[in-house]
Amino acid sequence: MSIYVGNLSYEVTQEDLTAVFAEYGSVQRVHLPTDRETGRPRGFAFVEMKSETEETAAIEALDGAEWMGRDMKVNKAKPRENRSSFGGGGGGGRRNSNFSSNRY
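For clarity, every value in this text was computed on a predicted model and none was experimentally measured.

Here we take up the nonpolar core. Counting 18 residues, the largest nonpolar core has Ile3, Val5, Leu8, Leu17, Phe21 and Val74 as its most contacted members. Elements with a minimum of two residues in this core: strand 1 (3-6), helix 1 (14-21), strand 3 (45-49) and helix 2 (52-62). In this structure, Ile3 is in contact with Phe21, Ala45, Phe46, Val47, Met49, Glu55, Ala58, Ile59, Val74, Asn75 and Ala77, ignoring residues within four places of it in sequence.

So this is what it looks like as structure tokens:
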């Protein structure tokens with residue numbers, strides 16, 4: 001299981017997050033996604049701790065807490081949804097049956 005941490009400052013580092021969450025238990029891993037183009041953090045992270053008890057304690061203590069000038073959003077991470085690499089939905093090239101190219 002992992003913890004989702006949102007509304008983070010763009011200045012935050014993995015070391016910063018490890019230090020904050022270590023107050024509630026043993027931090028196993030911190031993943032801080034970065035923007036592909038700019039390389040800067042995207043404003044959220046995932047933290048894995050040794051036990052669910054430690055994760056629960058961290059969530060209860062840190063959700064809504066002000067840190068680095070922002071109110072953190074901390075909760076259990078939801079499983080990643082399978083998304084195709086192509087856009088979905090939409091009608092492609094279909095036209096409305098009322099459409100007539102002779103109008104113009």
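Right, let's get into the sheet that holds strand 6 (residues 73-76). Strand order in this open sheet of four strands is 2-3-1-6, and the pairing throughout is antiparallel. Edge positions in the open sheet fall to strand 2 (27-31) and strand 6, since each of these has one partner strand only. Averaged over all pairs of adjacent strands, the angle between their axes in this sheet comes to 20°, without regard to strand direction. Taken together, the four bridges between strand 1 and strand 6 define a ladder with antiparallel strand orientation. Bridged to Ile3 within strand 6 is Lys76. Contacting strand 1, strand 2, strand 3 and strand 6, helix 1 runs over the sheet at an angle of about 145° to strand 2.

What follows covers unusual backbone geometry. Positive phi outside glycine occurs at Asn7, with the angle close to 60°. With respect to the helices and strands, Asn7 occurs in the loop between strand 1 and helix 1. The backbone of Met68 shows a phi angle near 55°, a positive value even though the residue is not glycine. Topologically, Met68 is positioned in the loop between strand 4 (66-67) and strand 5 (70-71). Take Met68: its relative accessible area is 37%, and that puts it in the partly exposed class.

Thresholds, definitions, all that
- Residues numbered from 1 in each chain as written.
- Predicted model: local features only at pLDDT ≥ 70, side-chain atom pairs only at ≥ 80, totals over all residues.
- Heavy atoms only, no water.
- Core = buried A, V, L, I, M, F, W, Y, C linked by side-chain atoms within 4.5 Å.
- Buried < 20%, exposed > 50% of the residue type's maximum accessible area, 1.4 Å probe, protein only.
- Helix = DSSP H or I, 4+ residues; strand = E, 2+ residues; numbered from the N terminus.
- Contact = heavy atoms within 4.5 Å.
- Pairing = 2+ DSSP bridges.
- Axes fitted to C-alpha atoms, helices over the stretch in contact; angles between N-to-C directions.

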